[in-house]
Amino acid sequence: MRIVLDRPRCEGHGLCEEAAPQLMHLDDDGELVLDREEVEGADAALANAAARVCPVAALRVE
């Protein structure tokens, strides 16, 4: 599975980072950085959780 970030839509709320800190982080400018785009198993579940909590729907898992 793959995490897809819609960068223009992302507002840097950080809820996704809280849900899946091992997969993503906010940089010093408040921009979301995906540390891994390809995920499987438990990491895919974390990625889906991060996508669900994003208030602007900037993340999706395909």
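Residues numbered from 1 in each chain as written. Predicted model: local features only at pLDDT ≥ 70, side-chain atom pairs only at ≥ 80, totals over all residues. Heavy atoms only, no water.

- Within an unreviewed UniProt entry, the label attached to the protein reads Ferredoxin, and the organism entered is Streptomyces kebangsaanensis.
- Checking UniProt for the protein, the heading Cofactor (unreviewed entry) contains the comment "[3Fe-4S] cluster". (UniProt positions renumbered as here; feature names shortened; annotations may be inferred.)

1. So, the pattern of salt bridges
1) Next: What the rule picks out here adds up to four salt bridges.
2) Next: Its salt-bridge partner being Arg 36, residue Asp 43 comes within 2.6 Å of it at the nearest N-O pair.
3) Next: Overall, Arg 36 belongs to the partly exposed group, its relative accessible area being 34%.
4) Next: Between Glu 62 and Arg 60 there is a salt bridge whose closest N-O contact spans 2.9 Å.
5) Next: Overall, the relative accessible area of 47% leaves Glu 62 in the partly exposed class.
6) Next: A relative accessible area of 43% places Arg 60 in the partly exposed class. (Salt bridge = Lys/Arg side-chain N within 4 Å of Asp/Glu carboxyl O. Buried < 20%, exposed > 50% of the residue type's maximum accessible area, 1.4 Å probe, protein only.)

2. Section: the environment of Arg 36
1) Next: By secondary structure assignment, the location of Arg 36 is in the loop between strand 3 (32-34) and helix 2 (41-53).
2) Next: Separated by 13 residues in the primary sequence, Arg 36 and Leu 23 place their C-alpha atoms 5.5 Å from one another.
3) Next: Once residues lying within four places of it in the same chain are set aside, the contact partners of Arg 36 are Ile 3, Leu 23 and Asp 43.
4) Next: Engagement of the side chain of Arg 36 in a polar contact is seen with the side chain of Asp 43, the distance being 2.6 Å. (Helix = DSSP H or I, 4+ residues; strand = E, 2+ residues; numbered from the N terminus. Contact = heavy atoms within 4.5 Å. Polar contact = N/O pair within 3.5 Å; in protein donor to acceptor, adjacent residues only side chain to side chain.)

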